[in-house]
Amino acid sequence: MTEPKLVEYEDIESVIIRFAGDSGDGMQLTGTQFTNTSAIFGNDISTLPDYPSEIRAPAGTLAGVSGFQVNLSSADILTPGDEPRVLVAMNPAALKANLPDLQRGGVIIVNEDAFKKNNLRKAEYDTNPLEDDSLVGYRLCEVPLTSLNRVALESIEGLTSKEIDRCQNFFALGLTFWLFDRPLEISMEWLDKKFTKKPHLAKANITAMQAGYSYGHNTETFQMRYRIKAAKLNPGHYRKITGNEALAMGLVTAAQKANKPLFYGAYPITPATDILHHLVNYKNFNVRTLQVEDEIAAMGSTIGAAFGGTFAATGTSGPGLALKSEAINLAVMLELPMVIVNVQRGGPSTGLPTKTEQSDLMQAMFGRNGESPVPIIAPATPSDCFETAIEAFRFAVRSMSPVFVLTDGYLGNSSEPWLIRNPDDIPPIEVSHPTEANSDNGYLPYLRDPETMARPWAIPGTAGLEHRLGGLSKQPETGNVSYDPLDNERMNRDRVAKVAKLVDIIPDQEIIGPDEGDLLVLSWGSTYGAVRSAVQRLQGQGQTISHGHIRYLNPFPANLGDLVDRFKRVAVPEMNLGQLVFLLRGRYGFNHEFIPISKIHGRPFTIGELVEKIGALL
């Protein structure tokens with residue numbers, strides 16, 4: 001087969017592609033398959049899935065649009081990118097919802113068969129955008145995708161009309177593979193494996209994908225193809241990983257490094273449920289998962305597992321954390337080690353279940369009655385969730401305390417290449433369970449280690465170490481119920497002190513740029529990629545600016561106050577209305593100028609908007 005003469009190759013460093021359609025059109029699967037192929041090809045990748053909040057919004061409506069954005073590059077990238085260069089829109093609603101984000105002059109590939117009167121009405125179009133010149137300035141490619149797909153699959157026996165139309169996304173995938181010079185074989189192997197028991201469905205989807213590829217090859221609709229070279233990544237074995245996958249693997253690794261079983265008790269909640277789904281697959285690593293009837297039971301089971309000497313963890317999102325709060329307070333009083341993962345989403349209340357936000361920081365710090373301190377760590381990238389999960393267990397064992405991991409929907413669902421760690425390079429987690437009494441008066445469950453202020457972790461049933469724990473105020477050392485005011489104060493102060501002493505093992509805060517000056521930008525959590533990229537862009541423009549990304553939110557790194565003192569102003573971009581700013585002011589005083597840069601749109605910051613907002617401060 002000869003390549004059409006009019007088609008030329010353009011070598012580009014990177015491209016941002018967004019697949020969009022109805023929530024039943026398989027856009028997440030299409031984007032994932034394109035991402036997997038690009039990752040194996042060797043491109044650096046970063047993705048951003050975008051789900052509707054409704055379980056099943058009316059088909060063809062704006063509320064039901066599902067999108068998947070992927071940024072692939074031959075250079076190092078830190079975000080899924082700002083404006084897509086290519087938009088694949090399966091229906092009018094997908095076009096309308098995503099067109100405002102598309103680069104001017106970008107490529108629009110639409111399924112022209114879907115632009116019928118009823119679909120245009122559902123998408124709130126008064127006229128057909130394919131006919132009214134409203135898309136002038138873009139490179140519009142109209143493809144009769146539905147009808148071409150039906151023709152391609154009409155000879156395959158055993159397919160219903162519904163099953164044929166469900167293959168449309170693979171027709172679009174094949175066309176995109178052709179446009180960006182990607183091979184089909186990786187997705188073909190995946191389909192054969194997925195539909196082993198339904199080979200006619202594997203054949204149908206493969207045929208649709210090949211038909212889409214051939215359409216691009218044989219027509220003159222596209223006059224340009226794009227090639228993106230493999231990225232120059234550090235040597236090693238890589239795999240594509242999402243934040244939720246990485247966190248699950250980190251929890252398992254932590255338990256293995258402590259020679260402990262892992263227990264994970266959870267109630268399904270978006271966007272944290274995938275952690276439970278991934279952990280179910282690791283039973284061979286002595287992982288026990290329990291899906292319970294509600295969030296309170298999930299927290300109670302986690303406490304029970306920790307009391308029994310197991311590495312215990314639970315995961316949820318903001319609404320679930322609110323329901324767990326009383327039981328978390330019990331865990332604080334019992335002083336048991338465990339990890340509590342909060343994959344934050346838009347709030348308050350049910351809020352935006354499938355959208356991202358960072359508005360649970362105050363909830364993690366103060367969302368319990370009484371003085372209830374907990375360590376808090378926040379990963380910066382999807383792959384960093386792996387390291388954070390391991391570190392959280394180290395903190396939990398050292399402080400004998402629940403430890404919060406604050407990730408969010410963006411980190412949990414997005415993906416990037418991960419350099420697979422050599423397990424032998426990960427230090428063990430030292431866990432000690434006493435086997436003998438620790439005083440002349442028997443076993444004292446709250447006798448504290450002078451270095452860490454942590455109490456011992458005795459396993460119930462150990463002969464001679466019988467002890468009682470509970471939620472009522474405690475007498476120091478013995479753990480007996482005590483209403484003595486001084487006992488209550490001492491125990492509260494001890495719990496604060498043991499969390500504060502984690503600063504002894506927290507590394508100093510690092511910054512890029514000058515170590516003093518006019519403006520320091522501080523960020524936390526998933527804002528890392530956009531903020532770091534924006535600061536680097538401004539530095540490249542000759543601006544004097546520095547950036548520090550805070551991983552440890554309670555306690556802060558020991559040198560953070562000194563860093564803040566060296567700068568006249570501190571800008572803090574975060575996806576809330578200034579929660580880290582509130583904590584920084586409370587810790588370092590109102591004599592510093594902390595400037596919040598807030599966004600609560602349910603979407604991550606873009607590099608461009610941060611360049612504009614931070615640049616305005618210079």
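Just above, that's the structure.
We now turn to the structure provided with this report. (Residues numbered from 1 in each chain as written. Predicted model: local features only at pLDDT ≥ 70, side-chain atom pairs only at ≥ 80, totals over all residues. Heavy atoms only, no water.)

For the rest of this paragraph, the subject is the side chain of Ser399. As for its placement among the helices and strands, Ser399 is situated in helix 14 (residues 384-399). Within polar-contact distance, the side chain of Ser399 engages the backbone oxygen of Phe395 at 2.7 Å. Setting aside chain neighbours within four positions, we find Ser399 in contact with Pro375, Ala454, Lys498 and Leu502. (Helix = DSSP H or I, 4+ residues; strand = E, 2+ residues; numbered from the N terminus. Polar contact = N/O pair within 3.5 Å; in protein donor to acceptor, adjacent residues only side chain to side chain. Contact = heavy atoms within 4.5 Å.)

Sheet architecture is open: seven strands sit in the order 11-10-12-13-15-14-19, paired in mixed fashion. The sheet is open, and its two edges are formed by strand 11 (287-291) and strand 19 (552-554), each paired on a single side. Bridge count for strand 14 (residues 376-377) against strand 15 (residues 402-408) is two bridges, and the pairing is parallel. Residue pairing for strand 15: Ile376 is matched across the bridge by Phe404. This element, helix 9 (residues 243-257), spans strand 10 (262-266), strand 11, strand 12 (311-316), strand 13 (338-344) and strand 15 of the sheet and lies at about 140° to strand 10. (Pairing = 2+ DSSP bridges. Axes fitted to C-alpha atoms, helices over the stretch in contact; angles between N-to-C directions.)

Below, the discussion takes up the side chain of Ser482. Mapped onto the elements, Ser482 comes out in the loop between strand 16 (415-419) and helix 16 (485-500). The exposure class of Ser482 is buried, given its relative accessible area of 8%. A polar contact is formed between the side chain of Ser482 and the backbone nitrogen of Asp484, at a distance of 3.2 Å. Leave out the neighbours within four places in its chain, and Ser482 touches Ser473, Lys474, Gln475 and Asp487. (Buried < 20%, exposed > 50% of the residue type's maximum accessible area, 1.4 Å probe, protein only.)

Spanning 16 residues, helix 16 covers 23 Å between terminal C-alpha atoms, matching the ideal 22 Å at 1.5 Å per step. Considered for burial, the residues of helix 16 that qualify are Asp487, Met491, Asn492, Asp494, Arg495, Lys498 and Val499. Buried positions in helix 16, seen along its axis, are confined to an arc of 155° and lie on one side of it. Facing away from the buried side of helix 16 by more than 90 degrees, the exposed set consists of Pro485, Leu486 and Arg493. Check the buried side of helix 16 and you find it contacts helix 12 (318-334), helix 14 and strand 19. Regarding helix 16, its N-cap is Asp484, as a side-chain oxygen of that residue lies 2.8 Å from the backbone nitrogen of Leu486 further along. (Expected span 1.5 Å × (residues − 1). Arc of directions from axis to C-beta.)

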